[in-house]
Amino acid sequence: MRIIVDADPGIDDALALYYLRAQADTEIVAIGTVHGNVPVQQATANALRLTERLGLDVPVAMGAAKPLAQPLMTAESVHGEDGLGGYAGDEAKTTPTTESAAEQLANLARSNPGELSLLAIGPLTNVALALQIEPRLPELLDQVVVMGGALDVPGNITSHAEANFWHDPEAADLVLAAGFEELTIVGLDVTMESHAPQQWLDELPQDCYPRQILGFYADFYGSFLGKTGFVPHDPLAAAVLLDPSLATYREDRFAIELTGRYTRGKIVADQRFLAPGSPFGRDIATERTKARYAVTADNARFLDQLRHAVTQP
C-alpha cells in the first residue's frame, strides 16, 4: 500500500508514523502537515524531525496554517509546547517542499490515479483545499481513512465534538460531502477503548524514543481518566487503514454540525427508521454517499502490533 499521510505531529501522529514504517509492503509516499495539535510551522518541523529519525526519505509539505472559517486553536496542553512532549530535539537538516500540502495531495493523486491511499490524522483543512484544487480527488484516491469524530460517545474538546473535526468543522464537512467511494472514519468510539495501560508503557525499552515522548501524553490522560496510560488515536487509524479486519463498522451517511451553539463540530448520521427522501426536504441521506464508521476494534491485537512497531530500530 502506498500512502499519503496528512498530520499535525503531535505525539500520537508520531506513533502512527512509527506504525506505518514498521509494516511490510507499506510505503509512505509523502507527508502533509496542518495546524491542530500545534501551529503548522511546529507540525512541519516535527514531521521533518520524525522522517529523519525514522529514516524516511519522503517529501514533507507544509499545509494550512489556520481553519477555513474560525480562529486557530492548538493543543499544546496535550502534546507539549514542542508537540512532542518536550523531546522534539534538534532542528531537522531537511526542509519542506515548495508546494503546499493541498497541492502535493492533489498533484500526487493526479499523477497516480487509483494507486494511493490517504491517512488523514489531523484537521481536514488540507484535504478540503485539495478538493478545491482537484474536484476529482474522490475518484483518484484508492481509499481514505480519517481519524475524527465522536458519534455515540462524548467528545474530547466539547461534550459533543472530537478534536480533529472541531479544529475545522467546515473542512470536515466538505470532506464527508465530497463523495469518496472508500471512506472510513475512526473516531473516539473506538480509539478511547484502545487505551494502552501503564504496563504497556513500562514494557518499552528505557531508551525508546516513543517512550520518552509518551510521558507527557500519558500524564495528560492520567489527569482526567483516573487511570495511567494513554490513548493511541492516530496509530489505530493507521492500523485500520492497513488491516480493516481490526475493526467492525456501521455504514451510514455523515455530516458535521456547523451551526449548533453547543454541538458545532459534532459528527452526525441519519439514523432514522423512516426511509430517506421524505417530503420534508433535503437531508444527509439524499445528499451524501455512504462511509464506514468504526464501532469496535480488536484492541489487544492492535496494541501488540503497536508495541512491536515502536520498538523497531
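It should be emphasised that the depicted structure is a prediction, and the values quoted were computed from it without experimental measurement.

**Student:** Honestly, the sheet that holds strand E6 (residues 183–186) in this entry has me stumped. Any pointers?
**Tutor:** In sheet architecture, strand pairing relies on hydrogen bonds along the backbone and comes in two forms, parallel and antiparallel. Spatially, E3-E2-E1-E4-E5-E6-E10-E7 is the arrangement adopted by the eight strands of the open sheet, whose pairing is mixed. At either end of the open sheet lies a strand with only one pairing partner, and these are strand E3 (60–62) and strand E7 (247–252). Strand-to-strand twist of the sheet, defined as the mean angle between neighbouring strand axes without regard to direction, takes the value 20°. Where strand E2 (residues 27–33) lies against E3, three bridges are found, and the strand directions are parallel.

**Student:** Help me understand empty space enclosed by the protein, please; the structure alone is not making it clear to me.
**Tutor:** One simple way to see leftover space: roll a probe sized like a water molecule over the atoms. Within this structure, the stated rule accounts for one cavity of 30 Å³ or more. Within this model, the largest cavity holds a volume of roughly 60 Å³. Lining the largest cavity, in full, are Val175, Leu176, Gly179, Phe180, Leu183, Phe254, Arg288, Thr289, Lys290 and Ala291. Here the residues of the lining of the largest cavity sort into six nonpolar, two polar and two charged.

**Student:** How should the packing of helix H1 (residues 11–21) against helix H12 (residues 233–242) be read in this particular structure?
**Tutor:** When two helices pack together, their arrangement is captured by the angle between the axes and the distance separating the axes. Two elements in contact, H1 and H12, have axes separated by 6 Å at closest approach and are oriented at 30°. Relative to H12, H1 is oriented roughly parallel. Handedness of the H1/H12 crossing: right-handed. Between H1 and H12, the contacting residues are Asp12, Asp13, Leu15, Ala16, Tyr19 and Leu20 on the first element and His233, Asp234, Pro235, Ala238, Ala239 and Leu242 on the second. Here the contact of H1 with H12 is built from residues that sort into eight nonpolar, one polar and three charged.

Reading the values: rules and limits
Residues numbered from 1 in each chain as written. Predicted model: local features only at pLDDT ≥ 70, side-chain atom pairs only at ≥ 80, totals over all residues. Heavy atoms only, no water. Pairing = 2+ DSSP bridges. Helix = DSSP H or I, 4+ residues; strand = E, 2+ residues; numbered from the N terminus. Axes fitted to C-alpha atoms, helices over the stretch in contact; angles between N-to-C directions. 1 Å grid on protein atoms, 1.4 Å probe; cavity = no way out; pocket = protein on both sides within 12 Å on 5 of 7 lines; lining within 4 Å. Points joined across faces, edges and corners; volume = space filled by probe spheres on them. Nonpolar A, V, L, I, M, F, W, Y, C, P; charged D, E, K, R; others polar. Parallel < 35°, antiparallel > 145°, perpendicular 65-115°, else oblique. Left-handed = near helix turned anticlockwise from the far one by under 90°. Contact = heavy atoms within 4.5 Å.

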